[in-house]
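What follows is each chain in one-letter form.
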Amino acid sequence: MSLPKIVLFYVFTPLADPEAVKLWQLNLAQRTGVTGRIIVSEQGINATVGGDIREVKAYVRGLREYAPFKHADVKWSDGVGEDFPRLSVKVRPELVTFDAPDLITVTENGVEGGGMHLAPHEVHELVEQRGEDVVFFDGRNRLEAQIGRFRGAVVPRAETTRDFLREIESGAYDHLKDKALVTYCTGGVRCEVLSVLLRNRGFQDVYQLDGGIVRYGEQYGNDGLWDGSLYVFDRRMHTEFSAEARSLGRCAECGEPTPRFVNCANGECRALFLCCETCTGSGVRSRCPDCVPATPAAPHPA
Ligand SMILES: [Zn+2]
Ligand SMILES: [Zn+2]
């Protein structure tokens, strides 16, 4: 019997020989049968892998045999089967590509100088104590935030993680420098770096959601401060914490709520855009709003 599972984890810890760790990881993943995406760097490891529950458990057991990864905070979620078409294990200069490898310092204790980690219930306590002084800061790409985000969150104009540094330095968020900023992302890894960048640029009071949206959703679903769907980087593309969850995304054609991203049919564009099942099925819209020529205005009566 098969029970598809997905695990998400990261460990910031100095790795003297990332190439060796990569080879070990490649071997471990192949031996246990999991697929997905594993990034290794001098800063540590960041991975999302999936497979049948027995394969994933064997992989996680193997992972923990290596002392620096022994206490990795592994987040489990349900897959749908063959969530990752292949296995990719790569060495990169950074665990997440902020294009800022020299702006953070990683020790055995993790990233230095980041925002304080808050468990989901601690975020609620902070909001109770400080009210409107608390601002959620989305650490993901704008696309991801389209279908779900924390209530009232600030969503930076970032197409990729590389854009964050420019965004922070643009001055567009300087009015938040005295607020209690709570950064959040899917599993927490991007906030480890983002919160350092914010603090080093004068944001005084920065926190990061421990375990990311995944852990928050496990505890509160859509009954807390989270609204909509969670964008995920596997075949599912989105996940909901409950059957009642309503996506914040809107179909480009009919405007109905949908968490469904499709690729623009224009081969030179291929951009992801939101289109509901009915509209894609009926074929009325196959190109993104940028590629669809504007509908000519109805002629005015003379
Ligand atoms: Zn539609
Ligand atoms: Zn397009």
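Residues numbered from 1 in each chain as written. Chains lettered and ligands numbered in written order. Predicted model: local features only at pLDDT ≥ 70, side-chain atom pairs only at ≥ 80, totals over all residues. Heavy atoms only, no water.

- For the chain, the name recorded in an unreviewed UniProt entry is tRNA uridine(34) hydroxylase, with Kocuria tytonicola as its organism.
- According to the UniProt record, the Sequence similarities (unreviewed entry) comment for the chain is "Belongs to the TrhO family." (UniProt positions renumbered as here; feature names shortened; annotations may be inferred.)

1. Comments concerning the coordination of the zinc ion (ligand 1)
Part 1 of the argument: All of the protein donors around the zinc ion (ligand 1) are Cys251 (SG), Cys254 (SG), Cys276 (SG) and Cys279 (SG); their distances to the metal are 2.3 to 2.4 Å.
Part 2 of the argument: Around the zinc ion (ligand 1) sit 4 donor atoms; with metal-centred angles ranging over 102 to 115 degrees, the donor geometry is tetrahedral.
Part 3 of the argument: Spacing between the donor residues of the zinc ion (ligand 1) along their common chain follows C-x2-C-x21-C-x2-C. The exposure classification of Cys276 matches that of Cys279, with both residues buried. (Donors = N, O, S within 2.8 Å, 3.2 Å for Na, K, Ca; no water. Tetrahedral: all angles 85-135°; square planar, octahedral: opposite > 155°, others 65-115°. Buried < 20%, exposed > 50% of the residue type's maximum accessible area, 1.4 Å probe, protein only.)

2. Things to note about the coordination of the zinc ion (ligand 2)
Part 1 of the argument: Protein coordination at the zinc ion (ligand 2) comes from Cys264 (SG), Cys269 (SG), Cys288 (SG) and Cys291 (SG), with a distance range of 2.2 to 2.5 Å.
Part 2 of the argument: Angles of 107 to 113 degrees at the metal separate the 4 donor atoms of the zinc ion (ligand 2), which places the site in the tetrahedral class.

3. Details of the nonpolar core
Part 1 of the argument: Phe12, Phe98, Phe137, Leu176, Leu198 and Phe203 are the most contacted members of the largest nonpolar core, which totals 28 residues.
Part 2 of the argument: Those elements that place two or more of their residues in this core are strand 1 (4-12), strand 9 (134-138), helix 5 (163-169) and helix 6 (189-200).
Part 3 of the argument: Counting residues per element, this core draws most heavily on helix 6, at 6 residues.
Part 4 of the argument: Each of two domains, domain 1 (4-91) and domain 2 (105-230), supplies a minimum of three residues to this core.
Part 5 of the argument: Setting aside chain neighbours within four positions, we find Phe12 in contact with Gln43, Leu95, Ile104, Val106, Thr107, Gly110, Val111, Val189, Glu192 and Val193.
Part 6 of the argument: With 21 residues, the next largest nonpolar core counts Val7, Val11, Val21 and Val34 among its residues. (Core = buried A, V, L, I, M, F, W, Y, C linked by side-chain atoms within 4.5 Å. Helix = DSSP H or I, 4+ residues; strand = E, 2+ residues; numbered from the N terminus. Domains from an automatic or database assignment. Contact = heavy atoms within 4.5 Å.)

4. A few points about the packing of helix 3 (residues 120-130) against helix 7 (residues 212-220)
When two helices pack together, their arrangement is given by the angle between the helix axes and the distance between those axes.
Part 1 of the argument: The interhelical angle for the contact between helix 3 and helix 7, taken along N-to-C directions, is 80 degrees, at an axis separation of 9 Å. When the interaxial angle is binned, helix 3 and helix 7 end up roughly perpendicular. Here Pro120, His121 and His124 of helix 3 lie close against helix 7, whose contacting residues are Arg215, Tyr216, Gln219 and Tyr220.
Part 2 of the argument: Residues that form the contact of helix 3 with helix 7 fall into these classes: 3 nonpolar, 3 polar and 1 charged. (Axes fitted to C-alpha atoms, helices over the stretch in contact; angles between N-to-C directions. Parallel < 35°, antiparallel > 145°, perpendicular 65-115°, else oblique. Nonpolar A, V, L, I, M, F, W, Y, C, P; charged D, E, K, R; others polar.)

5. Focus on the sheet that holds strand 5 (residues 87-91)
The strands making up a sheet associate through hydrogen bonds between their backbones, and the pairing can be parallel or antiparallel.
Part 1 of the argument: Pairing within the open sheet is mixed, and its 5 strands lie in the order 4-1-3-2-5. Sheet topology places strand 4 (75-78) and strand 5 at the edges, where each strand pairs with a single neighbour. On average, each strand axis in the sheet is inclined to that of its neighbour by 10 degrees, with strand direction left out of account.
Part 2 of the argument: The strands touched by helix 1 (residues 18-32) are strand 2 (35-41), strand 3 (44-52) and strand 5; relative to strand 5, the strand with the most contacts, the crossing angle is about 170 degrees.
Part 3 of the argument: The strands that helix 2 (residues 53-64) touches are strand 1, strand 2, strand 3 and strand 4; relative to strand 3, the one it contacts most, it runs at about 155 degrees. (Pairing = 2+ DSSP bridges.)

6. Quick look at the sheet that holds strand 8 (residues 116-118)
Part 1 of the argument: Taken in spatial order, the 4 strands line up as 8-12-11-9 in an open sheet, and their pairing is parallel. Taken across any chain shown, the strands that pair with only one partner, and hence form the sheet edges, are strand 8 and strand 9. Between one strand axis and the next, the sheet turns by 35 degrees as a mean value, whatever way the strands run.
Part 2 of the argument: Sheet analysis places strand 11 (residues 180-184) next to strand 12 (residues 205-209), joined by 4 bridges and oriented parallel. Residue pairing for strand 12: Thr183 is matched across the bridge by Gln208.

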